[in-house]
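# Structure assessment
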Amino acid sequence: MELDIVALSRLQFALTALYHFLFVPLTLGLSILVAIMETVYVMTGRPIWRQMTKFWGVLFGINFAIGVSTGIVMEFQFGMNWSYYSHYVGDVFGAPLAIEGLMAFFLEATFVGLFFFGWDRLSRVGHLTVTWLMALGTNFSALWILIANGWMQNPAGAVFNPETMRMEVSSFYDVLMNPVAQAKFVHTVSAGYVCGAIFVLGVSAWYVLKGRHLELAKRSMTVAASFGLAASLSVVVLGDESGYLTSEHQKMKLAAIEAMWRTEPPPASFTIVGFPDQAARETHYAIHIPWVMGLIGTRSLDTPIMGINELTQRAEGFIRKGVIAYDALQKIRGLPRGSAIPEDLRKTFEENGKDLGYALLLKRYVDDPRQATPEQILRAANDTVPMVAPIFWLFRIMVGCGLIFIALTAVFFVQSARRRLEGPRWLLWLAVLAIPLPWIAIEAGWMVAELGRQPWVIEGVLPTALAVSSLGAHTVLMTIIGFTALYLVLIVIEMKLMLRAIRKGPEPDHDPEAALVPAALAPAE
Amino acid sequence: MILHELISYEHLRLIWWVLLGVLLIGFAMTDGFDLGVGALLPFVARTDVERRVAINSIGPVWEGNQVWLILGGGAIFAAWPQLYAVSFSGFYLAMFAILMALILRPVGFKYRSKIDSARWRNGWDWALFIGGFVPSLIFGVAVGNVLQGVPFRLDDTMRIFYDGTFFGLLNPFALLCGVLSVCMLLTHGAAWLEVKTEGVVRDRARSIGSVTALLTLALFVLAGVWLYYGIDGYRFTSEIVRGGASNPHAKTVALAPLAWFANYQAAPWTLIAPVLGVLGALATFIAMRARGEVSALLCSNIAIFGVIATVGVSMFPFILPSSADPNVSLTVWDSSSSHLTLFIMLVATVIFLPLILAYTAFVYRVLWGKVDAKAIESGDGHAY
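Worth saying up front: this structure is predicted, and the values here are computed from it rather than measured. (Residues numbered from 1 in each chain as written. Chains lettered and ligands numbered in written order. Predicted model: local features only at pLDDT ≥ 70, side-chain atom pairs only at ≥ 80, totals over all residues.)

## Section: the interface of chain B and chain A
In many analyses, interface size is given as the accessible surface area lost on bringing the parts together. The partner chain A presents 59 residues to the 61 residues of chain B that form the contact. Going through the elements one at a time, α3 (62-79), α4 (81-90), α5 (92-112), β2 (160-162) and α12 (339-366) of chain B are the ones with two or more residues in the side of chain B that touches chain A. Among the elements that line the side of chain B that touches chain A, the one with the most residues is α12 of chain B, at 13 residues. Split into classes, the residues belonging to the side of chain B that touches chain A amount to 40 nonpolar, 17 polar and 4 charged. (Contact = placed C-beta atoms within 7 Å. Helix = DSSP H or I, 4+ residues; strand = E, 2+ residues; numbered from the N terminus. Nonpolar A, V, L, I, M, F, W, Y, C, P; charged D, E, K, R; others polar.)

## Things to note about the pairing of strand β1 (residues 158-161) of chain A
Bridge count for β1 of chain A against strand β2 (residues 166-169) of chain A is 4 bridges, and the pairing is antiparallel. Across the sheet, F160 of chain A pairs through a bridge with M167 of chain A, a residue of β2 of chain A. (Pairing = 2+ DSSP bridges.)

## Concerning the nonpolar core
Residue and element names in this part refer to chain A. L33 and I319 are the most contacted members of the largest nonpolar core, which totals 294 residues. Per element, the largest residue contribution to this core is 23 residues, and it comes from helix α3 (residues 83-117). Two domains each put at least three residues into this core: domain 1 (5-247 + 386-508) and domain 3 (308-383). Beyond its immediate sequence surroundings of up to four residues, L33 is in contact with W56, G196, A197, V200, V223, A224 and F227. (Core = buried A, V, L, I, M, F, W, Y, C linked by C-beta atoms within 7 Å. Buried ≥ 20, exposed ≤ 12 C-beta atoms within 10 Å, placed from the backbone. Domains from an automatic or database assignment.)

## Section: the confidence of the model for chain B
Per-residue pLDDT for chain B has a mean of 92; in total, 98% of the residues score no lower than 70. We note a pTM of 0.91 for the whole complex and an ipTM of 0.91 for its interfaces. (pLDDT = per-residue confidence, 0-100.)

## Considerations on unusual backbone geometry
In this structure, P455 of chain A follows Q454 of chain A across a cis peptide bond, with omega equal to 5°. By the element assignment, P455 of chain A lies in the loop between α17 (437-451) and β5 (456-458). In this model, F316 of chain B is joined to P317 of chain B through a cis peptide bond whose omega is 0°. You can see P317 of chain B is positioned in the loop between α11 (293-315) and β5 (318-320). Located in the positive-phi region is A259 of chain A, a residue other than glycine, with phi close to 45°. Owing to 24 C-beta atoms within 10 Å, A259 of chain A belongs among the buried residues under this scheme. Unlike most non-glycine residues, R291 of chain B shows phi in positive territory, near 60°. Following the sequence through the fold, R291 of chain B ends up in the loop between α10 (272-289) and α11.

Written out as structure tokens, the structure is:
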């Protein structure tokens, strides 16, 4: 059997990233929710809030452990499976990862220990500070990872250096202020908050249904519903769609999401459902809403959104320019070491260099892109179209879930304002059943973002197929099997412990300082 | 941007070489005792309460300590991308083994105490043993291979090809370095347990630790002798360009006997590194015998510093020599990031590293004191 190293490396990355991303969003959401609960405890002095903090903290801890372990795998995997990628963009991509460690992960991981072990060793305000620092670290962590990922989608602030054969930072400001990264950060972090909120809401609803821990459950639901409503509005309204159009290169992803094969006269219509057919370049049985896509996508009535066919034609032009850049690069590299680059050669490279990556798309068909036939160029241009149908559907699953979250958290927000959180039972059951949905939405979102970027690992700069390490396919297959086996065992154990902790409920809590509160002020519970 | 030219490329590379050492030593000094305690766990602690005492001695801090490794990975990626790419893909299966072992650790700590069953807990204890022992061994084996040169080649587009195999890593000298690394971290873990625990756990840790401290000393000296008589180092045969573009193809390199000892001859003050390695290990042994708890931990830190610094100083300016094509060996002068990236990363480090050290110190101070077996038995606090 012929095994393809590129496909296997992608499979391994997707498996480990999707798995890691099962735990990160809940960590993000619960860290803030726990910090909010503890803040209420410190402000009011009511022990129930301390009990809530500890209870959700236990669930946070079970989840956090796997998030950390699988995060190391992600960081090491770039070098292990994607060594050419690491060489080619390490100068740019490595920095946010390192700063993530310096600024965020150290904070998060150092204080998470005190969060669990420091209850009796710190004052109330001291412990609260620790909790917020931990939550802050978690969120900063997401910021830097998404700056790194945003750069893969929209490689701003970097240029190719022929002397080192790699991309190098030209403006760190542009890497940081990358609009795609900013949009992604807000979107992803909000998604994590929604995940935490729906989780707390669902588990609490289950307690109410069972008539257990009502004091804890109802308060938790109030916090989760209000926080969740704000977060789900943010995740949908500030969704990272705004990012796509600011990026020249992500037009193809947007077109794939909408299965928009042809440029329509503006404003374009929005396809609610349909069956995209990649071979025929047609969407069968499509239901359109006129104008909506043009309005969302361009916020205007007269700007066209480019369709896949037109984008493919455009890519053909980029490839031709890329070949000119490739030719200039080879000539520059052929010069004796230390000699000056002739002016015209330097200019040719500067003018076409940004499309160098497009010439590399031809490597799949021909060793030297300069020898490519027009037919090969056409095939490479067609390769720039990602898999439309899965992207189209996954996007709709994600958005559908998002709308459910807004509705669900809004209803519970109203219920909580009316102090009617005990029922009706069908509504509580809905909240319980909704627990898996954030994960479905989040994983779908990851796949839309990363499948939509194919065939690029760095959009317009480096094709995925060139980024892999020169490893034996069987070696990678072996590690895939190893990771899968270990990860399966871990998730079974994790689920078991989560369910056990939920079934057991909160521990009776003895607040050493509670005795100091005069009886008259103590909450009547 | 002109600001970054305040510090020359050459100096930035030198600074980042030192910082690479700081991160590796930081990792070995902090997470090193976590690894050591993990590997010692089944031997120093027999009953469940004893094991929980040992685990809780590192429970609140191992997570922060592990970030030294994560930061080390990130910093190598950012500052030495070619080193990151060659070593992580070249040592592929070894890295995989490290990852599998390290994954067991967080879940082991966290999940062990959640179910009160002897089988469940015993299983996690062995997982924690693997999580401590395997990485300690492999890190040492990797260093042993780096000292001998690693069989990789680079083509003219800088694509990496690795000619070696996983079992090729397990050669006698590398295994010696692996055992040295295990002994060093076992000693460190034992020294930590001496400080943090009481009674039988402390006593067992002390007797194991004093043996491994002597072994560390002996193996370190043996490795030095072997390196002197049996292993060629690498040296430049072309002019050394320190501020040029990061392209490993631009030089020529040859193997030469005693090349790994040239720096000590050129700058005798660098001998302080191996001297601290030897004296540190010896002093750890003496302190353990004399029942000096904090002083043993301190001496163990010195030994770790000395041993790791010795590797760096011996090889300088080489970081990862290639045995398949010595000319493309990675050195301080030709495998770093760009001038601008090194500068930005330095600014970030100057801002955040002192903060990290400050809050880490704060956390250790809050948690200062022996782990109380009674508190664990009564189930107070969120102890593991």
